[in-house]
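Below are the chains, spelled out letter by letter.
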Amino acid sequence: MNKIFSTAKSKMGDAMERICKSYLENLHKIKNDFNDCSDFNIKEFEISKKRAFVAVMDGLVSSLALSQLVMSPLLSFDEKAEEDIIQQIKSGVVQNVEMSEVEDFDNAYYFLMSGFAILIVDGSDRGLALGIQGWAKRNVSDPSNEANVKGAKEGFVECLNDNKALLRKRLKTSHLKMRQLCIGKTASTGVVIAYIDNRAQAELVDEIEKRITGADFDCLLDYGMLLPFLDTDVKSFFSCVGNTERPDVAVSKLLEGRVVVLVDSTPFAIYLPYLFSDNFQSLDDYDNPPFYSGFIRLIKAFSFLLAVFLPAVYVAVGTFHQELMSTNLLFTIAAEEITTPFSLMTEALFLLIFYEIMREAGLRLPRTVGHAVSIIGGIIIGETSVEAGLIGAPMLVVVAITAIASYVVYPLYESVSVIRFAFILAGGIAGLYGMIILAGVMFINICALNPFGTPLSAPFSPYNKRSGVDMLYRANWKILSKRRVRINELRGASFDTGKTK
């Protein structure tokens, strides 16, 4: 476990204060560092006529494990101590399975605040970290953001060890590797890089580790802080980093040769490289019949197009290209819009802005009053605005369909919610011609993204024939089991970091 601190040591060099053989100096150091910390507890005692102390953080350890596995064996040990007392305690006194030697105080403090007991004995220039974690944590529960019908009901939690266990119990193989790093200068946070060594490219794993260790943080609070360091430098509204709260999804990505990154205190896992087609796939696709899975994927693709283009098309056609509509539809829209004071483009922009305001308010309000937002939005902004002649009913229907379609492909919601404003402006100013130009720019941008040497648009562009059985159409498992494509097969001839030169 000392490998965890290789990153911190490389950054700080000799700046870390080492544990010395003087008991009083070590005791003064740790008491002085944790002065005015009410949750810091220290117990002094003698072991084989040598002074020693055990330090723990209240609330992070199990009192029962501390008493039975650590204190009781230590206090009852009265044999003559050998020259290396730490090694003697480690091998034959305490009963912990999880333990590690620590040589400096930064290392010791990380373990101390991770639920370990720190033992330091007079005359030894290193301590012993003993795992007796016992803090309160959330139990593994059903994922809230990636619901499914037929799959497992387990999601990642905030405890890093639990998340590692969720991966390990699904992949019972020694080829599953988990590199643990320590990120943060002021306060350290554990980060795990998980991969299958005979499927993921070693250079891909090394590049991801290099980017993570190169992130200069005082404290890593959430996985989102790592995203800019793992994403491509090419400017785009689409992210090249995937995330999931489902262990089964993370395992499927590992089996494809991708790399999963877990961050302590975060119930989401990052996986790399990320493909644009991942947004249109879900775990239920592989439990449902192939014909239905293919139908659902087509629905998702159609919903994405609706969410991006529908308001803009309505504005462009209603403003510049009325000849494209049937006479009855044109008269219906004209009758509604003739009484409104705003143009179609202004109506669309204001309605979508109001919708985003209501959505954000519904997310941030307490649950007990959150229903008030839907009532106000439905009655006042919707029905009353139409009756007052401020907006047209057809525009309200278009925006409602757009909002619903946005949630069908939820991973793309942030990107879609901003891009469609650009398309509305293009459609309202230059009509369908402006939309076509902007759509071309958007698709060129998607094809230009090349995270870690893997095109974001793969396997559509460049087209991969073997991947054709699992794109918009999903073949049955008799075919999929024989033609599973690894992520490295979608790369070019040489590995590319995905960064701009």
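What you are looking at is a predicted structure, and each value in this text was computed from that prediction instead of being measured.

A.B. asks: Help me out: how do you make sense of the pairing of strand 10 (residues 269-272) in this one?
C.D. replies: Of the two faces of strand 10, the one holding Ala269 and Tyr271 and the one holding Ile270 and Leu272 are both buried throughout. Relative to strand 10, strand 8 (residues 242-244) is paired through three bridges, and the arrangement is antiparallel. Across the sheet, residue Thr244 finds its bridge partner in strand 10, namely Ala269. Relative to strand 10, strand 9 (residues 259-263) runs antiparallel, the two sharing four bridges. Paired with Val261 across the bridge in strand 10 is Ile270. Adjacent in sequence and paired antiparallel, strand 9 and strand 10 are bridged by five residues, among which Ser265 carries a positive phi angle near 70°.

A.B. asks: Could you clarify how one ought to interpret helix 15 (residues 413-448) in this entry?
C.D. replies: Residue pairs spaced three or four apart in an α-helix point in one direction, given the helix's 3.6 residues per turn. For helix 15, spanning 36 residues, the distance from its first C-alpha to its last is only 21 Å, which falls clearly below the expected 52 Å at 1.5 Å a residue. Of all the bends in helix 15, the largest measures some 140° and sits at Ala430.

A.B. asks: In this structure, what is going on with the packing of helix 10 (residues 290-320) against helix 14 (residues 393-408)? I would like to understand it.
C.D. replies: A packed helix pair is summarised by two numbers, namely the angle formed by the two axes and the spacing between the axes. The N-to-C vectors of helix 10 and helix 14 enclose an angle of 155°; their axes lie 8 Å apart at closest approach. Relative to helix 14, helix 10 is oriented roughly antiparallel. Considering the relative orientation of helix 10 and helix 14, their crossing is left-handed. When helix 10 is examined against helix 14, the residues Lys300, Ser303, Leu306, Ala307, Leu310, Pro311, Tyr314 and Val315 are found in contact with a partner set consisting of Pro394, Met395, Val398, Ile401, Thr402, Ala405, Ser406 and Val408. Taken together, the residues that form the contact of helix 10 with helix 14 break down as 12 nonpolar, three polar and one charged.

A.B. asks: Before we go on, may I ask you to explain empty space enclosed by the protein in this structure?
C.D. replies: A probe as big as a water molecule, rolled over the atoms, marks out the empty space that is left. For the structure on display, the rule yields three cavities of 30 Å³ or more. In this structure, the largest cavity occupies an estimated 260 Å³ of space. Every residue lining the largest cavity is counted, 21 residues in all, and those nearest its centre are Glu256, Arg258, Ser467, Asp470 and Val485. Considered class by class, the residues forming the lining of the largest cavity number nine nonpolar, three polar and nine charged.

A.B. asks: Could you clarify how one ought to interpret the pattern of salt bridges in this entry?
C.D. replies: A side chain with one charge may pair with a side chain of the opposite charge, provided their charged atoms come close. On inspection of all chains with the given rule, the structure shows 22 salt bridges. Taking the shortest distance from any N to any O, the salt bridge between Glu101 and Arg126 comes out at 2.7 Å. Here the residue Glu101 occupies a position in strand 3 (residues 99-102), and Arg126 occupies one in the loop between strand 4 (116-121) and strand 5 (127-131), the gap between them amounting to 25 residues. For Arg126, a relative accessible area of 15% translates into the label buried.

A.B. asks: Mind showing me how you'd approach the sheet that holds strand 5 here?
C.D. replies: Picture the strands of a sheet paired through backbone hydrogen bonds; they go either parallel or antiparallel. Reading across from one edge, 1-2-4-5-3 is the order of the five strands in this open sheet, with antiparallel pairing throughout. Edge strands, defined here as strands with exactly one partner in the open sheet, are strand 1 (40-47) and strand 3. Each strand of the sheet is rotated relative to its neighbour by a mean of 20°, with strand direction disregarded. Here strand 1 pairs with strand 2 (residues 50-57) via eight bridges, running antiparallel. By the bridge assignment, Ile47 is partnered in strand 2 with Lys50. Helix-sheet contacts for helix 2 (residues 23-33) involve strand 1, strand 2 and strand 4, and the interaxial angle to strand 2 is about 15°. With respect to the sheet, helix 5 (residues 105-112) is in contact with strand 1, strand 2, strand 3, strand 4 and strand 5, its orientation differing from that of strand 4 by roughly 145°.

A.B. asks: Mind showing me how you'd approach the packing of aromatic side chains here?
C.D. replies: Aromatic rings considered in pairs are described by the distance between their centres and by the relative angle of their planes. This structure, assessed with the given rule, holds 21 aromatic pairs. Aromatic pair Phe350 and Phe354: ring centres 6.1 Å apart, planes at 35°, arrangement tilted. Of this pair, Phe350 and Phe354 are both found in helix 12 (residues 344-364), four residues apart, which corresponds to roughly one turn of the helix. Note on Phe354: relative accessible area 38%, which makes it partly exposed. Three or more aromatic residues joined by ring pairs make a cluster, and in this case those are Phe34, Phe40, Phe105 and Tyr109. A cation over an aromatic ring shows up here: Lys29 above the ring of Phe105, its NZ or CZ 5.7 Å from the ring centre.

A.B. asks: Looking at this model, I keep getting lost on the sheet that holds strand 6 (residues 176-183). Mind explaining?
C.D. replies: One open sheet holds the five strands; their spatial order is 6-7-9-10-8, and the pairing between them is antiparallel. Both edges of this open sheet fall to strand 6 and strand 8, since each of them pairs with a single strand only. For this sheet, the mean angle separating the axes of adjacent strands, direction not counted, is 25°. Sheet contacts for helix 7 (residues 202-213): strand 6, strand 7 (189-196), strand 9 and strand 10; angle to strand 6, the most-contacted strand, approximately 15°.

A.B. asks: Before we go on, may I ask you to explain a nonpolar patch on the surface in this structure?
C.D. replies: A cluster of nonpolar side chains, contributed by Phe291, Tyr292, Phe295, Ile299 and Val408, occupies part of the molecular surface with about 490 Å² of accessible area. With four residues, helix 10 is the largest single contributor of residues to the nonpolar patch. When you line up the elements, Val408 lands in helix 14. Take Val408: its relative accessible area is 34%, and that puts it in the partly exposed class.

A.B. asks: How do you make sense of the side chain of Arg211 when you look at a structure like this?
C.D. replies: Mapping Arg211 onto the fold places it in helix 7. Within the structure, Arg211 has its side chain in polar contact with the backbone oxygen of Leu230 (distance 3.2 Å).

A.B. asks: Which parts of the structure should I look at to understand unusual backbone geometry?
C.D. replies: It is generally the case that most residues other than glycine have a negative phi and that most peptide bonds are trans. Across the junction of Ala458 and Pro459, the peptide omega takes the value 5°, indicating a cis bond. Between Ser461 and the following residue, Pro462, the backbone shows a cis peptide bond with an omega angle of 0°. Mapped onto the elements of the fold, Pro462 is located in the loop between helix 15 and helix 16 (477-480). Even without being a glycine, Asp36 presents a positive backbone phi close to 70°. Note on placement: Asp36 falls in the loop between helix 2 and strand 1. The phi dihedral of Ser48 falls on the positive side, at around 55°, and the residue is not glycine.

Definitions and cut-offs
Residues numbered from 1 in each chain as written. Predicted model: local features only at pLDDT ≥ 70, side-chain atom pairs only at ≥ 80, totals over all residues. Heavy atoms only, no water. Buried < 20%, exposed > 50% of the residue type's maximum accessible area, 1.4 Å probe, protein only. Helix = DSSP H or I, 4+ residues; strand = E, 2+ residues; numbered from the N terminus. Pairing = 2+ DSSP bridges. Expected span 1.5 Å × (residues − 1). Bend = angle between axes of the 7 residues up to and from the residue. Axes fitted to C-alpha atoms, helices over the stretch in contact; angles between N-to-C directions. Parallel < 35°, antiparallel > 145°, perpendicular 65-115°, else oblique. Left-handed = near helix turned anticlockwise from the far one by under 90°. Contact = heavy atoms within 4.5 Å. Nonpolar A, V, L, I, M, F, W, Y, C, P; charged D, E, K, R; others polar. 1 Å grid on protein atoms, 1.4 Å probe; cavity = no way out; pocket = protein on both sides within 12 Å on 5 of 7 lines; lining within 4 Å. Points joined across faces, edges and corners; volume = space filled by probe spheres on them. Salt bridge = Lys/Arg side-chain N within 4 Å of Asp/Glu carboxyl O. Phe/Tyr/Trp six-rings, centres within 6.5 Å; stacked < 30°, edge-to-face > 60°. Lys NZ or Arg CZ within 6 Å of the ring centre and 35° of its normal. Patch = residues over 30% accessible without salt bridge, like charges linked within 9 Å, V, L, I, M, F, W, Y side chains within 5 Å. Areas by Shrake-Rupley, 256 points an atom, 1.4 Å probe, with all protein chains shown as cover. Polar contact = N/O pair within 3.5 Å; in protein donor to acceptor, adjacent residues only side chain to side chain.

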